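# Structural features, examined
Chain residues, written in single-letter form:
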Amino acid sequence: MWCRRLACLLSVPCQRTGHHLLRLPCVRRTLTTALSRWHHTAPQSLSCAWQLHSDHLELRYADTLMRFDFVWLRDHCRSASCYNAKTNQRSLDTASVDLGIKPKAVRVDETTLFLTWPDGHVTRYGLQWLVKNSYEGQKQQVMHPRILWNAEIYHQAQVPSVDCRSFLETDEGLKEFLQNFLLYGIAFVENVTPTKEDTQILAERISLIRETIYGRMWYFTSDFSRGDTAYTKLALDRHTDTTYFQEPCGIQVFHCLKHEGTGGRTLLVDGFYAAEQVLRQAPDQFELLSKVPLKHEYIENVGDCHNHMIGVGPVLNVYPWNNELYLIRYNNYDRAVINTVPYDVVNRWYTAHRTLTTELRRPENELWVKLKPGKALFIDNWRVLHGREAFTGYRQLCGCYLTRDDVLNTARLLGLQA
Ligand SMILES: C[N+](C)(C)CCCC[C@H](N)C(=O)O
Ligand SMILES: O=C(O)CCC(=O)C(=O)O
Ligand SMILES: [Fe+2]
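Notes on the structure follow. (Residues numbered from 1 in each chain as written. Chains lettered and ligands numbered in written order. Predicted model: local features only at pLDDT ≥ 70, side-chain atom pairs only at ≥ 80, totals over all residues. Heavy atoms only, no water.)

## Concerning the overall build of the chain
Summing up its helical and strand segments, the chain has 13 helices and 24 strands in all. Along the first, second and third principal axes, the C-alpha atoms of the chain reach 80 × 55 × 45 Å. When each of the 418 residues of the chain is scored for burial, the buried share is 53%. Within the structure as shown, the chain displays about 19,900 Å² of accessible surface, and the carbon and sulfur contribution to it stands at 53%. (Helix = DSSP H or I, 4+ residues; strand = E, 2+ residues; numbered from the N terminus. Buried < 20%, exposed > 50% of the residue type's maximum accessible area, 1.4 Å probe, protein only. Areas by Shrake-Rupley, 256 points an atom, 1.4 Å probe, with all protein chains shown as cover.)

## Some thoughts on the site of ligand 2
Looking at ligand 2, the residues that line it are Phe220, Ala230, Leu236, His239, Asp241, Gln252, Phe254, His386, Arg388, Arg395 and Leu397. The separation between an oxygen atom of ligand 2 and a polar side-chain atom of Arg388 is 2.7 Å. A distance of 2.7 Å is found between an oxygen atom of ligand 2 and a side-chain nitrogen or oxygen belonging to Arg395. When ligand 2 is considered free in solution it has 290 Å² of accessible area, and contact with the protein chains removes 94% of it. Counting residues per element, the ones that place at least two in the shell around ligand 2 are strand E14 (236-239), strand E15 (251-260), strand E23 (384-388) and strand E24 (394-402). In the shell around ligand 2, the residues fall into five nonpolar, three polar and three charged. (Near = heavy atom within 4 Å. Polar contact = N/O pair within 3.5 Å; in protein donor to acceptor, adjacent residues only side chain to side chain. Nonpolar A, V, L, I, M, F, W, Y, C, P; charged D, E, K, R; others polar.)

## A few points about the packing of helix H8 (residues 171-184) against helix H13 (residues 404-413)
Axis separation between H8 and H13 bottoms out at 10 Å; the angle between their running directions is 125 degrees. The orientation of H8 with respect to H13, classified from their angle, is oblique. Of the two elements, H8 crosses H13, and the hand of that crossing is left-handed. Every residue of H13 that contacts H8 at Leu174, Leu178, Phe181 and Leu182 is listed here: Val407, Leu408, Thr410 and Ala411. (Axes fitted to C-alpha atoms, helices over the stretch in contact; angles between N-to-C directions. Parallel < 35°, antiparallel > 145°, perpendicular 65-115°, else oblique. Left-handed = near helix turned anticlockwise from the far one by under 90°. Contact = heavy atoms within 4.5 Å.)

## Let's talk about the sheet that holds strand E8 (residues 112-116)
Two orientations exist for strands paired in a sheet by backbone hydrogen bonds: parallel and antiparallel. One open sheet accounts for three strands, arranged E7-E8-E9; its pairing is antiparallel. Of all strands in the sheet, those with a lone pairing partner are strand E7 (105-108) and strand E9 (122-126), marking the two edges. On average, each strand axis in the sheet is inclined to that of its neighbour by 15 degrees, with strand direction left out of account. The pairing of E8 with E9 spans five bridges and is antiparallel. Along E9, the bridge assignment pairs Thr112 with Gly126. (Pairing = 2+ DSSP bridges.)

## Describing the nonpolar core
Counting residues in hydrophobic clusters, the biggest one holds 29 residues, and the most contacted among them are Val315, Leu316, Ile328, Trp349 and Leu356. Of all elements in the fold, only strand E16 (266-270), helix H10 (271-281), helix H11 (283-291), strand E19 (316-318), strand E20 (325-328) and helix H12 (343-360) reach the threshold of two or more residues within this core. Val315 has contacts with Leu289, Val292, Leu294, Leu327, Ile328, Arg329, Trp349 and Leu356, leaving out every residue within four places of it along the chain. (Core = buried A, V, L, I, M, F, W, Y, C linked by side-chain atoms within 4.5 Å.)

## Remarks on the coordination of the iron ion (ligand 3)
His239 (NE2), Asp241 (OD) and His386 (NE2) make up the full set of protein donors to the iron ion (ligand 3), lying at 2.1 Å. Summarised as a motif, the one-chain spacing of the donors to the iron ion (ligand 3) is H-x1-D-x144-H. With His239 in strand E14 and His386 in strand E23, this pair connects stretches of sequence that are 147 residues apart. Across the pair, His386 and His239 agree in class, each one buried. (Donors = N, O, S within 2.8 Å, 3.2 Å for Na, K, Ca; no water.)

Spatial relationships are all this shows, so hold off on functional conclusions.
Now the structure itself:
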């Protein structure tokens, strides 16, 4: 089980080792003892075989053993009366389906499964479509292919920055940028005019700006205009932002417009790389970090700014069907009082949190960059932690948050898996 979870964290698809080994002997046994109940598309071919059970249909195709619930099979019917192919929306009223429904007849040819329902309605499914859309097919895949990195891996990959003009004016430039962003969780655009307005044009090329209590495009210096350490000259340890939102902001854009002084370098750490190390060393701790719900909080009373935000969720968030990590919520400054679990769980949670922190703090995992006017940085705030070194002098940073759904939307429209 842990082996599968680990594979899903990596960029490569799961090795379905255990699954395969178990499946083959089991099929052979079924074939000899219950031959009459298995149906094949062609006698010499095992490419598709199916069996109707009392409460599900079992289908083997393209190396995948799938089990389908009957209501599911009726519900997903793609016939013209059940599904509007123009809008890609279901027309069938699912509540009108008898929950005890069972197909009257089943037939499979080389490419298609045909089901006839008690009322005579016929449903057809492409076998490829079923593999792609079945639970068994899904859990073998990653939603988001990624390359996990430490400083050395990132440097060796020599990920290019995209030029501002190419980013703004060509689909190739935009696609290259987004591909790098999806794989590494960070990406740079170069030769940007160092103004807030030009930074906004960049942001709007890939997404909608997510307006928050900090505004749409924000712009800050160390003037403590807001009640948060970001608005000082102090160092900030690695963290993700807006952990105190129920849905933390998906992407953070930074563009340093001016710095006359020393220090102020930006720190970047791949949170998923660190989490993977925790999984390897201590799977039970990884699991605890993905199960224990925590609160993060933002309480502000400075000048006219009065805010109280609370977000709840575990440090590590994984998709339940394939255990793929999709969001890390890590901000020790903004973590609220822990009162969502009893003392003994708290004790084990602190151990797990320490293991993760140790990984996040390994110098070899730290990527340090000095942001300069003209170079905009996009950070996947669900994956990559950022921090900064203390600084002296006048420093102006502008940027914004982006809605994650819209960045992924742009990427998918360009043909990327996102
Ligand atoms: C980026 N900007 C300066 C606008 C806001 C900073 C928010 C800082 C907060 N502690 C957090 O981590 O969410
Ligand atoms: O000043 C910086 O470089 C970053 C501060 C920070 O963490 C933030 O604004 O979210
Ligand atoms: Fe931050």
